Amino acid sequence: MTASLFGTPSDAGGSGGGLMTVREYLEDWLELKEPTLSPTTAAWYRYVIRRHVLPELGHLSLNELKPQHIQRTYSRRLKATPDGKRQLSPSSVRCIHRVLHSALSQAVRLQLITRNPCDAVDPPRGSRRGPRYWKPEEAARFLEAIKGNRLFALFHLALGTGLRRGELLGLRWADVDLQRGYLTVNQVRVRAGAKTVSKEPKTFGSRRTIALSKQVCETLKRHAAAQQEEKRVMGEAYTDNGLVFAGIDGSPLNPDYIGSQYFQRLITLAGVPRINFHGLRHTHATLLAMGGVPLKTVSARLGHSSVRITGDIYSHVLDRMDKEAAEKFDAALEAALKANS
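Residues numbered from 1 in each chain as written. Predicted model: local features only at pLDDT ≥ 70, side-chain atom pairs only at ≥ 80, totals over all residues. Heavy atoms only, no water.

*Asks:* What should I look at first to understand the side chain of Gln187 in this one?
*Replies:* Mapped onto the secondary structure, Gln187 falls in the loop between β2 (182-184) and β3 (188-192). A relative accessible area of 13% places Gln187 in the buried class. A distance of 2.9 Å separates the side chain of Gln187 from the backbone oxygen of Gly170, its partner in a polar contact. Polar contacts involving the side chain of Gln187 include one to the side chain of Arg172, which spans 3.5 Å. When near neighbours in sequence (up to four residues on either side) are disregarded, Gln187 contacts Gly166, Glu167, Gly170, Arg172, Ser198, Lys199, Pro201 and Leu243. (Helix = DSSP H or I, 4+ residues; strand = E, 2+ residues; numbered from the N terminus. Buried < 20%, exposed > 50% of the residue type's maximum accessible area, 1.4 Å probe, protein only. Polar contact = N/O pair within 3.5 Å; in protein donor to acceptor, adjacent residues only side chain to side chain. Contact = heavy atoms within 4.5 Å.)

Written out as structure tokens, the structure is:
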């Protein structure tokens, strides 16, 4: 007899989850949950549950699922393999915990189980590392080394604005005003499972207008001219999607490829320290903060929902600025004493 999320027969103990397996429940939960999620989040939930939860716990009945089953699953996922590598990082296991906790909380609300077994489980703690970024001379060396690259403008814009990868790849010419020196983030390109899709920015703060420097504007003008030449050469084979950054035939770029293999090859060419693509965003924010730009302005450019988030991420810069402020206070007093002596 196959159980379903609604109308599940009750077991002898009166709980609605007695005849339903964890697999059946989570598959039903995913089906009901997906319409409320963005394509990217839905794909991530599917991956987490089907790749990491169901193989370990799917065979159990919902009422049989205990905290020790979940804790043992997390431990196995963290356990070192014979080659000395962990199967999953602590942060990945914490992601699994968040998804499973959310699903089982719904089961409690539906009265399929009396309590959420995840409440009694300790997910692994993570050590918080500061963001990795380039120093000004490293960023300059990178841009100098790749200035002949077809997508030079993408990386110059990333460093000059702090845009996220999906925001860069979703940027359309209709959202760019090179005369006034501004762009507006109106859509993003993200991975959703095996597909890449366009969608609206995730939060209200992410939909923002950002000023562009003169150098970045000049780079984008040259990029626009080169793209027009590609259209002419490709002719009917070119599909114009209006994207600022596209394949040579106008097709959207693959975010995973651009953000990993492509970017890492350019880093090797430039001989600069290795960072991930998001490190370009960190570089932009860090250099602005170190240059004395108000944190509120940095936060608005990044599209954070609050200045507090920006301050938490870039506390390494703020601590340094605080130290410099204290030293400047001493210097000001010493100068005043010398002037009065």
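*Asks:* Mind showing me how you'd approach helix α5 (residues 136-145) here?
*Replies:* Residue pairs spaced three or four apart in an α-helix point in one direction, given the helix's 3.6 residues per turn. Of all the positions in α5, only Glu138, Ala139, Phe142 and Leu143 are classed as buried. The arc that holds the buried residues of α5, viewed along the axis, is 135°, so those residues lie on one side. Where α5 is buried, its residues contact α6 (152-161), α9 (255-270) and α10 (278-290). (Arc of directions from axis to C-beta.)

*Asks:* Whenever I open this one, the packing of helix α1 (residues 22-33) against helix α4 (residues 90-109) confuses me. Can you help?
*Replies:* Put simply, α1 and α4 touch, their axes get as near as 11 Å, and they point 95° apart. Comparing the axis directions of α1 and α4 gives the class roughly perpendicular. For the pair formed by α1 and α4, the contact residues are Tyr25, Leu26 and Trp29 on the first element and Val99, Leu100, Ser102, Ala103, Leu104, Gln106 and Ala107 on the second. Along the lines of polarity and charge, the residues of the contact of α1 with α4 split into 8 nonpolar, 2 polar and no charged. (Axes fitted to C-alpha atoms, helices over the stretch in contact; angles between N-to-C directions. Parallel < 35°, antiparallel > 145°, perpendicular 65-115°, else oblique. Nonpolar A, V, L, I, M, F, W, Y, C, P; charged D, E, K, R; others polar.)

*Asks:* Hey, could you run me through the nonpolar core in this one?
*Replies:* One recurring pattern in soluble globular proteins is that nonpolar side chains are buried together. If you look at the biggest cluster of nonpolar residues, it comprises 39 residues, and the most contacted ones within it are Trp134, Phe142, Leu154, Phe155, Leu157 and Leu220. Those elements giving two or more residues to this core turn out to be α5, α6, α7 (165-170), α8 (214-234) and α9. Considering every element that reaches this core, the biggest residue donor is α6, with 7 residues. Excluding anything up to four places from it in sequence, Phe142 contacts Trp134, Phe155, Leu159, Phe263, Leu266, Ile267, Ala270 and Val272. (Core = buried A, V, L, I, M, F, W, Y, C linked by side-chain atoms within 4.5 Å.)

*Asks:* Explain the environment of Gln179 here, please?
*Replies:* Tracing the backbone through its elements, the reader meets Gln179 in the loop between β1 (176-177) and β2. According to the relative accessible area criterion, Gln179 is exposed, its value standing at 82%. Put simply, Gln179 and Cys217 are 38 residues apart on the chain and 8.4 Å apart in space, counted from C-alpha to C-alpha.

*Asks:* Explain the side chain of Glu167 here, please?
*Replies:* Looking at the secondary structure, you find Glu167 in helix α7. Its relative accessible area of 3% is what places Glu167 among the buried residues. Not counting residues within four places of it along the chain, the set of residues in contact with Glu167 comprises Val185, Gln187, Val188, Ser206 and Arg208.

*Asks:* What is the right way to look at the packing of α5 against α6 in this model?
*Replies:* Here α5 crosses α6 at 165°, and the two axes come no closer than 10 Å. If you check the angle between α5 and α6, you find them roughly antiparallel. Here α5 runs over α6; the crossing is left-handed. Of the residues in α6, those touching α5 at Ala139, Phe142 and Leu143 are Phe152, Phe155, His156 and Leu159. (Left-handed = near helix turned anticlockwise from the far one by under 90°.)

*Asks:* How should I be thinking about the packing of aromatic side chains in this particular structure?
*Replies:* Within a pair of aromatic rings, the relevant descriptors are the distance that separates the centres and the angle that separates the planes. On inspection of all chains with the given rule, the structure shows 11 aromatic pairs. Ring centres 6.3 Å apart and planes at 0° place the aromatic pair Phe155 and Tyr262 in the stacked group. You can see Phe155 sitting in helix α6 and its partner Tyr262 sitting in helix α9, a full 107 residues away along the chain. For the ring pair Tyr257 and Tyr262, a centre distance of 5.8 Å and an interplane angle of 70° mean the geometry is edge-to-face. Residue Tyr257 is classed as partly exposed on the basis of its relative accessible area of 32%. Look at Tyr262 and you get buried, because its relative accessible area is 14%. An aromatic cluster is defined as three or more aromatic residues linked by ring pairs; in this entry it consists of Trp134, Phe142, Phe155, Tyr257, Tyr262, Phe263 and Phe277. (Phe/Tyr/Trp six-rings, centres within 6.5 Å; stacked < 30°, edge-to-face > 60°.)

*Asks:* Just checking my understanding: could you explain the pairing of β3 for this structure?
*Replies:* Along a regular strand, successive side chains alternate from one face of the sheet to the other. With 4 of 5 residues buried, β3 lies mostly within the body of the structure. With 5 bridges connecting them, β3 and strand β4 (residues 195-199) associate as antiparallel partners. Residue pairing for β4: Arg189 is matched across the bridge by Ser198. (Pairing = 2+ DSSP bridges.)

*Asks:* So what exactly am I meant to see when it comes to α10 here?
*Replies:* Between its terminal C-alpha atoms α10 stretches 18 Å, which fits the 18 Å expected from 13 residues at 1.5 Å a residue. Taken across its 13 residues, α10 has 10 buried, putting it largely inside the fold. Within the sequence span of α10, burial applies to Gly279, Leu280, Arg281, His282, Thr283, His284, Ala285, Thr286, Leu288 and Ala289. Looking at the residues trailing α10, positive phi occurs at Gly292, about 90°. (Expected span 1.5 Å × (residues − 1).)

*Asks:* Where do I start with the confidence of the model for the protein in this structure?
*Replies:* Detailed reading of the predicted coordinates is not advisable wherever pLDDT is low. In the predicted model, the protein carries a mean pLDDT of 87, and 87% of its residues have values of at least 70. Note that residues 8-15 has pLDDT below 50 and, in this model, 14 contacts with residues that lie over four places away or in other chains. (pLDDT = per-residue confidence, 0-100.)

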